[in-house]
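# Coordinates in review
As a plain string of letters, each chain reads:
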Amino acid sequence: MTARSAPPAPHATPLDLGGRTALVTGAAGGIGRACALRLAAAGAEVRAVDLDAAGLKDLVGSADGLPGAVEPHVLDLTDLDAAERAAAGTDVLVNNAGLQLVRPLEEFPPDVFHTMLTVMLEAPFRLIRGALPHMYGQGWGRIVNVSSVHGLRASAYKSAYVAAKHGLEGLSKTAALEGAPHGVTSNCVNPAYVRTPLVEKQLADQARTHGLPEERVLTEVLLRDSAVKRLIEPEEVAEAVAYLCGPQASFMTGASVVLDGGWTAH
């Protein structure tokens, strides 16, 4: 069976974030870009955080004409103090930035492991820490952590990614328990493989690691455990993020919203 694509998801979730400030990490491309545009379409003033200055410039151009605005912030999330400062005054926080490297444990570079855990787990902690005083003060806030099916399941050769995403799940649940009395929700969105540059760059790594031609990696490795044999579109993930920011999800907290095409149904 060949992998199928899907059209971008429509902006179907009712959402009005006028007067709200949202921060999205990893906003220059993929899921982060889709989330930034979706929240700007709902009227939010979006702080778009990424290392990719050119990608952020393109994002700002794409947001022209939307009810909200996108403000680019070039930031290295390994600068944890700067990350925490950037989150001050945030009403909606979307922790999305991520890295990937596919290697057996015994070959995994320790420095890369450290960097991935810093960007994907410690930086979200610092961003949440920076955002909570404002959220608590106004009695409202939305934290959405873009986790993964790998926050719920493990795959071989992805030790850092799986460790970071499992940690993010626990961080999100703790933020949910602490934030509930203050009107702050914290949830994870858990997609399987999304049509992003991060996934596309995996194909060569996976081909080498599994000893397969690159064209077979998508169907035989990435989509092997998915009942729906296609990649998820970034806009579909952004729509789940939008739902969690709306009033209809005010009772949802500490949850993991799974978008995995049936992977975890096994």
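Because the structure is a prediction, the values reported are computed rather than measured.

Calculation rules
Residues numbered from 1 in each chain as written. Predicted model: local features only at pLDDT ≥ 70, side-chain atom pairs only at ≥ 80, totals over all residues. Heavy atoms only, no water. Helix = DSSP H or I, 4+ residues; strand = E, 2+ residues; numbered from the N terminus. Rg over C-alpha atoms; globule rule 2.2 N^0.38 Å. Buried < 20%, exposed > 50% of the residue type's maximum accessible area, 1.4 Å probe, protein only. Contact = heavy atoms within 4.5 Å. Axes fitted to C-alpha atoms, helices over the stretch in contact; angles between N-to-C directions. Parallel < 35°, antiparallel > 145°, perpendicular 65-115°, else oblique. Nonpolar A, V, L, I, M, F, W, Y, C, P; charged D, E, K, R; others polar. Expected span 1.5 Å × (residues − 1). Pairing = 2+ DSSP bridges.

This part covers the overall build of the protein. Helix and strand counts for the protein come out as eight helices and seven strands. For 266 residues, the compact-globule formula gives about 18 Å, and the C-alpha radius of gyration of the protein, at 18 Å, lands near that figure. Over its C-alpha atoms, taken along the principal directions, the protein stretches across nearly 55 × 40 × 40 Å. For the protein, with 266 residues in total, the buried portion stands at 52%. Counting only contacts in the protein whose residues sit at least 6 apart along the sequence, the fraction spanning at least 24 positions is 74%.

In the contact formed by helix 6 (residues 197-210) and helix 7 (residues 214-222), the axes pass within 9 Å of each other and the chain directions differ by 90°. With respect to their mutual orientation, helix 6 and helix 7 come out roughly perpendicular. Along its contact with helix 6, which presents Val199, Leu203, Ala204, Gln206, Ala207 and His210, the element helix 7 presents Glu214, Val217, Leu218, Val221 and Leu222. Split by residue class, the contact of helix 6 with helix 7 holds eight nonpolar, two polar and one charged.

Okay, helix 1 (residues 30-41) next. For helix 1, built from twelve residues, the straight-helix expectation of 16 Å at 1.5 Å per residue is met to within 8% by its first-to-last C-alpha distance of 17 Å. In terms of burial, helix 1 is a largely internal element, ten of the twelve residues being buried. Taken as a whole, helix 1 has its buried residues at Gly30, Ile31, Gly32, Ala34, Cys35, Ala36, Leu37, Arg38, Leu39 and Ala40. A positive backbone phi angle near 100° is found at Gly43, which sits one or two residues after helix 1.

Pairing is parallel across the open sheet formed by seven strands, whose spatial order is 3-2-1-4-5-6-7. Both edges of this open sheet fall to strand 3 (69-74) and strand 7 (256-259), since each of them pairs with a single strand only. Across the sheet, the mean angle separating the axes of adjacent strands is 15° when strand polarity is ignored. Contacts from helix 2 (residues 53-62) reach strand 2 (45-50) and strand 3, with the element oriented near 175° to strand 3. Contacts from helix 4 (residues 110-138) reach strand 1 (21-25), strand 4 (92-95), strand 5 (141-146) and strand 6 (184-191) within the one sheet, and its direction differs from that of strand 4 by about 170°.

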